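Geometric and topological summary
Chain by chain, the residues run as shown.
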Amino acid sequence: MATRGGAAAGRPYELVVFGASGFTGHFVAEEVARVAAGDELRGSLRWAVAGRSRDKLEGVLDKAAERLGKPELKSEVGIILCDVSDPSSLADLAKQAAVVLNCVGPYRFFGEPVVKACVENGTSCVDISGEPQFLEGMHLKYNDKAAEKGVYVIGSSGFDSIPADMGVLYTRDNLKGTLTAVESFLTVKSGPAGYSIHDGTWKSAIHGLADQDNLRKLRKQIGYRPLPIIGAKQKRRGLVFYSQEFKEYSIPFMGADVSVVKRTQRYLHTHLQETPVQYAAYATVGGIASVIKLMFAGLLFFLLVKFSFGRNLLTKYPEFFSSGHFTRKGPTQKQIDGSSFTMTFFGEGYCEGQDPQQGKPNVKICTQVKGPDAGYVATAVAMVQAGIALLKDASSLPKQGGVYTPGAAFSKTKLIDRLNKHGIEFSVVSKSEA
């Protein structure tokens with residue numbers, strides 16, 4: 001088995017960051033360097049960066065060495081040359097690692113060869129995909145093989161969807177009684193320099209929305225049974241609504257969170273007989289002017305994404321069609337430093353001793369997950385801590401390998417404690433006891 005106990009001892013590296021020279025990859029590599037120097041692992045983590053260009057990978061290590069004041073970094077970290085379009089180089093990469101942190105997206109185009117190489121070579125892997133079709137497709141194709149090999153393939157381990165998925169579990173664990181429904185609200189703050197997102201995320205959104213039909217077909221093929229609804233049925237909010245809690249307008253959150261949380265709840269219900277929690281995710285957008293701008297941009301996007309020439313236009317001119325929110329260069333360091341997120345969870349349920357199938361919910365809880373810049377800093381922290389949990393909390397992982405969501409893989413590990421120590425903070429805001 002690849003990652004259980006000391007089984008990684010035979011491999012030169014415990015963690016390898018694949019795609020370390022990409023926009024997100026260099027944040028992940030820097031975060032691994034930071035964690036490798038920290039208390040728990042001081043000097044003991046064997047890790048490497050991997051990608052196509054030695055020069056670029058050396059540049060990433062140079063930059064991290066400078067930012068962390070660790071000139072020795074370059075001699076301590078391995079470099080593996082590897083190309084996602086060359087299966088033998090991926091197999092070679094997988095054989096050298098216990099866990100691969102895969103930063104090469106869009107995953108719908110480049111993700112599967114990495115999963116395949118890792119599963120075949122007994123290596124666990126973690127990615128930060130927010131693309132439900134990729135995530136669920138990998139489960140369908142590789143879950144049994146990963147179980148047989150005793151390895152863990154864990155998708156959506158970045159901002160989509162560790163804060164949401166682990167946040168729901170944290171909310172459940174802090175309610176005295178049975179949690180039956182949760183709504184989360186994401187609020188993102190940017191500093192005076194504003195904010196933009198690298199256009200890789202934009203491309204994933206374009207292809208994801210264009211491909212909704214195939215996602216539906218895939219789900220039919222997997223044959224998900226509907227989860228039982230325990231407690232009062234959760235009410236759905238509108239496409240745009242005024243949120244009393246935040247005194248601003250909100251919309252449904254467009255990322256992978258709902259699909260990931262649902263898969264976690266299905267796993268916990270089916271395998272551990274836990275009460276499934278209903279979940280809805282929203283994002284606050286501000287005042288009426290923001291809503292109008294967003295609706296126009298959204299309509300245009302939905303119209304164009306249906307046609308190949310429209311998708312080409314969207315892909316070619318991300319800044320124009322997103323009013324500057326998505327750019328080819330991505331955010332500046334100043335924009336990243338000025339940005340933060342808060343995810344607020346409103347949970348309801350039934351007090352201890354009360355049957356959740358009878359009557360109205362009678363306990364409430366409000367929790368929060370707060371962190372630095374969501375897109376790159378929090379994503380890097382979440383991904384790296386997921387990798388460390390695979391290495392260090394092996395005895396608390398599910399008994400069997402497989403393709404898992406973060407919540408399914410890590411519900412019994414110390415992941416939330418690890419995140420708390422690294423700047424993604426989970427807290428209880430208030431709770432009403434019956």
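Structure shown above.
Notes on the structure follow. This structure is a prediction, so every number in the text was calculated from the model and none was measured. (Residues numbered from 1 in each chain as written. Predicted model: local features only at pLDDT ≥ 70, side-chain atom pairs only at ≥ 80, totals over all residues. Heavy atoms only, no water.)

A few points about the packing of aromatic side chains
Worth spelling out the cut-off: Classification of ring pairs uses Phe, Tyr and Trp, with its six-membered ring standing for Trp, and accepts pairs whose centres are within 6.5 Å; under 30 degrees between planes counts as stacked, over 60 as edge-to-face, and the remaining range as tilted. Remark: exposure states derive from per-residue accessible area (1.4 Å probe, protein chains only) relative to the maximum for the residue type, with buried under 20%, exposed over 50%, and partly exposed in between. The way it works is that DSSP assigns letters per residue, a run of H or I at least four long becomes a helix, a run of E at least two long becomes a strand, and they are numbered from the N terminus.
Under the defined criterion, the tally for this structure stands at 19 aromatic pairs. Ring centres of tyrosine 242 and tyrosine 249 lie 5.2 Å apart, and the angle between their planes is 70 degrees; this geometry places the pair in the edge-to-face category. Tyrosine 242 gets classed as partly exposed once you look at its relative accessible area, which sits at 37%. Each ring, one from phenylalanine 246 and one from phenylalanine 346, has its centre 6.1 Å from the other, and the planes form 70 degrees; the classification is edge-to-face. One end of the pair, phenylalanine 246, is in the loop between strand E9 (241–243) and strand E10 (248–252); the other, phenylalanine 346, is in strand E13 (residues 340–350), and 100 residues separate them in sequence.

Considering the pairing of strand E2 (residues 47–51)
Selection criterion: At least two DSSP bridges between two strands are required for those strands to pair. Here is how to tell: hold the view so the strands point away, follow the path from the first strand over the helix to the second, and if it runs clockwise the crossover is right-handed.
Within E2, five of the five residues are buried, leaving the element largely enclosed by the surrounding structure. Residue alternation in E2 divides its side chains into two sets, Trp47, Val49 and Gly51 and Ala48 and Ala50, and both sets are buried. Pairing between strand E1 (residues 13–18) and E2: four bridges, direction parallel. Residue pairing across strands places valine 17 opposite valine 49, the latter belonging to E2. Between E1 and its parallel partner E2, the chain crosses via helix H1 (residues 23–36), and the hand of that crossover is right-handed. Pairing of E2 with strand E3 (residues 78–81), which is carried by four bridges, proceeds in the parallel orientation. Bridge assignment links glycine 51 to a residue of E3, and that residue is leucine 81.

These values are about where atoms sit, not about what they do.
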